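This is what each chain is made of:
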Amino acid sequence: MNHDDFRIKQIDPTLYNEDLAPLAPAKRKWGWFEIFNVWSNDIQSLFGYTLAATLFISYGLNGWAVLAGIVLAGFIVMGLVQLTGKPSVKYGIPFPVMARASMGVRGANFPAVVRGIVAIFWYGVQTYFASTAVALLIRTLFGPGSEATLLGLTAIDWIAYVIVCIFQVALFVRGVDWVTRFLNWAGPLVYVVMIAMMIAICYKAGPSLAGALGTIFSGTGSYAGGPIAAFAAVVGTMVAYFAAVVINYGDFARFVKNERQMRIGNFLGLPVSLAIFSLIALVITAGTVVVFGETLTNPTDIVARIDNVGLTLIAAVTFFAATVGINLVANFIPPAYDIANLAPARISARTGGYITAAIAFFIGALWVSFISSVGIAAFVDTLGAVLAPLYGIIVADYYLVRRQRLDVQQLFSASPTSTYYFNAGWNRKAIIAFGISSVFSVASVWMPGLESLSGFAWLLGALFGAVVHYLLMRKHIVPAGETPPLTTRA
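Below is a short write-up of the structure. As the structure is a computational prediction, the values presented were derived from the model and not from experiment.

### Examining the layout of surface pockets
Working step 1: Roughly 700 Å³ of internal volume is contained in the second largest pocket.
Working step 2: Sorting the residues of the lining of the second largest pocket by element identifies α7 (155-173), α8 (176-205), α14 (309-342) and α15 (349-365) as the ones contributing at least two each.
Working step 3: The element that contributes the greatest number of residues to the lining of the second largest pocket is α8, accounting for three residues.
Working step 4: Residues belonging to the lining of the second largest pocket are distributed by class as follows: 16 nonpolar, two polar and nine charged.

Put into structure tokens, the structure is as follows:
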């Protein structure tokens, strides 16, 4: 493809704006290091650390088995994002545009809206968690402050929360280049702080640390389904943690210079970074048992207990940075694009970002007092289960039906004769495939007999979606050697 292939020649304002337009290779600035830092910030967030530490102590497995499960999950996620990232590198298009090929130019709004709802919810929640690091920083510098609360938050908590909200929007408004610089700074620095925290904990724990590590690596406790089920649960949990980013990975892959850079960044940022970070988390967690007499899995709690003001300040800043980094990547940029896709002529990605931030502000503000206690997890898990078949449909359509060939011009055309118009802009067969496969995927959240599937329910839902979509679309498979456009009716 030459540069002119990326310029949309007949613009339909209901499908096009500059944020959704194909990005020509000459405008792409990301290499493997930027992709590596996308994943590093995801892993190194406050929630990511807590999850990794918890896996080592919750399943009764040998520590090496848990580590192997985490690394295996990294390879699985790496494979999944290679599939969704490749077309966006090739054509320079974000996820909402990519979805038009399988769902139809209007039907693509459905997966975009579902993904946007999930992202906005988690954006609010992660904003609150990032604010806890800022609150720690403020208390370290100025003292504890008043204990009076409003909606479960003290005055310092509210100040910290507002600071994080404003900072994230300001960074987003500056553009992708600024977000990239922020990620490139935050990712490596968090590793430095983690290593410093590990050294501090090891120094305080002394020789007793070896015993605590030995206990974890020997495997204690039990898991209801036995060791095989426990191992599967570890892998499934880690895959589920990354699932939200997997489907819209093209939103970031479109900025990468070439596919090789993407593959290197994915490898170093997922299985390799996961292994290193998890080992560090393991040592620190074992050290907290010796030093503090209890298992601490929240890094802000650990830092607050280490009697070192300098380390506390640096750690608070870097954990805030890492959590904000992944919040922008996984939960802010995707809904900004998704909302823009609903009405491109009236809503830019920046406006979509403002809408995201406004809704998410109330979610984060009400997290402590209300949302965290109303069983919202099932609601979010249900939306995540809805995304699984959509991932399978989009991937199967591109690789098996389209044979990795798209007509970029047609992706922005609402003409009834265009390739991706289908029936009034909707691919009915894709909707049917979604309906059939989502029954299982959503049932895995609500039916008691399916809870043993754990995070693998997402993978199975994606597989079902892919198989059903392929079977329904067999008559529309692009013949080998043929290039789009290929007018289809579904």
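### Notes on unusual backbone geometry
Working step 1: One non-glycine residue, Arg403, lies in the positive phi region at around 55 degrees.
Working step 2: With respect to the helices and strands, Arg403 occurs in the loop between α16 (376-401) and α17 (428-446).
Working step 3: Here Gln404, not a glycine, exhibits a phi torsion of approximately 65 degrees, which is positive.
Working step 4: You can see Gln404 is positioned in the loop between α16 and α17.
Working step 5: Among the residues examined, Gln404 registers a relative accessible area of 26% and is labelled partly exposed.

### Things to note about the packing of α7 against α15
Working step 1: Packing of α7 against α15 leaves a shortest axis separation of 10 Å and a crossing angle of 165 degrees. Considering the angle they form, α7 stands roughly antiparallel to α15. Every pair of crossing elements has a handedness; the one defined by α7 and α15 is right-handed. Contacts between α7 and α15 involve Trp158, Tyr161, Cys165, Val169, Phe172 and Val173 on the former and, on the latter, Ala349, Arg350, Gly353, Tyr354, Ala357, Ala360, Phe361, Gly364 and Ala365.
Working step 2: Among the residues making up the contact of α7 with α15, the classes are represented as 12 nonpolar, two polar and one charged.

### So, the environment of Gly364
Working step 1: Tracing the sequence through the fold places Gly364 in helix α15.
Working step 2: What makes Gly364 buried here is its relative accessible area of 1%.
Working step 3: Separated by 240 residues in the primary sequence, Gly364 and Gly124 have C-alpha atoms spaced 4.3 Å apart.
Working step 4: With residues up to four places along the chain from it excluded, the contact list for Gly364 reads Gly124, Tyr128 and Tyr161.

### A look at the packing of aromatic side chains
Working step 1: Per the counting criterion, the structure on display carries 26 aromatic pairs.
Working step 2: Here the aromatic residues Phe121, Trp122, Tyr128, Phe129 and Trp367 are joined through ring pairs into a cluster of three or more.
Working step 3: Arg174 extends its terminal NZ or CZ atom over the ring of Trp178, reaching a point 4.0 Å from the ring centre.
Working step 4: Of note, Arg254 hangs over the ring of Phe255, and the distance from its end group to the ring centre comes to 5.4 Å.

### With respect to the environment of Lys204
Working step 1: Position of Lys204 among the secondary structure elements: in helix α8.
Working step 2: In this structure, the C-alpha to C-alpha distance between Lys204 and Ile306, residues 102 residues apart in sequence, is 9.3 Å.

### Here's the deal with helix α10 (residues 226-247)
Working step 1: Here α10 spans 32 Å end to end across 22 residues, near enough to the 32 Å set by a 1.5 Å rise per residue.
Working step 2: The largest bend in α10 amounts to roughly 40 degrees and is located at Tyr241.

### Brief notes about the pattern of salt bridges
When the charged atoms of two side chains with opposite charge come close together, those side chains can pair.
Working step 1: Going through the model one piece at a time under the given rule, you end up with four salt bridges.
Working step 2: The salt bridge partner of Arg139 is Asp157, with a shortest N-O separation of 3.1 Å. With a gap of 18 residues between them, Arg139 in helix α6 (residues 109-142) and Asp157 in helix α7 connect regions that are remote in the sequence.
Working step 3: Take Asp157: its relative accessible area is 18%, and that puts it in the buried class.
Working step 4: The closest approach of N and O atoms between Asp397 and Arg402, which form a salt bridge, is 3.1 Å. Both residues of the pair, Asp397 and Arg402, belong to the buried class.

Cut-offs and rules
- Residues numbered from 1 in each chain as written.
- Predicted model: local features only at pLDDT ≥ 70, side-chain atom pairs only at ≥ 80, totals over all residues.
- Heavy atoms only, no water.
- 1 Å grid on protein atoms, 1.4 Å probe; cavity = no way out; pocket = protein on both sides within 12 Å on 5 of 7 lines; lining within 4 Å.
- Points joined across faces, edges and corners; volume = space filled by probe spheres on them.
- Helix = DSSP H or I, 4+ residues; strand = E, 2+ residues; numbered from the N terminus.
- Nonpolar A, V, L, I, M, F, W, Y, C, P; charged D, E, K, R; others polar.
- Buried < 20%, exposed > 50% of the residue type's maximum accessible area, 1.4 Å probe, protein only.
- Axes fitted to C-alpha atoms, helices over the stretch in contact; angles between N-to-C directions.
- Parallel < 35°, antiparallel > 145°, perpendicular 65-115°, else oblique.
- Left-handed = near helix turned anticlockwise from the far one by under 90°.
- Contact = heavy atoms within 4.5 Å.
- Phe/Tyr/Trp six-rings, centres within 6.5 Å; stacked < 30°, edge-to-face > 60°.
- Lys NZ or Arg CZ within 6 Å of the ring centre and 35° of its normal.
- Expected span 1.5 Å × (residues − 1).
- Bend = angle between axes of the 7 residues up to and from the residue.
- Salt bridge = Lys/Arg side-chain N within 4 Å of Asp/Glu carboxyl O.

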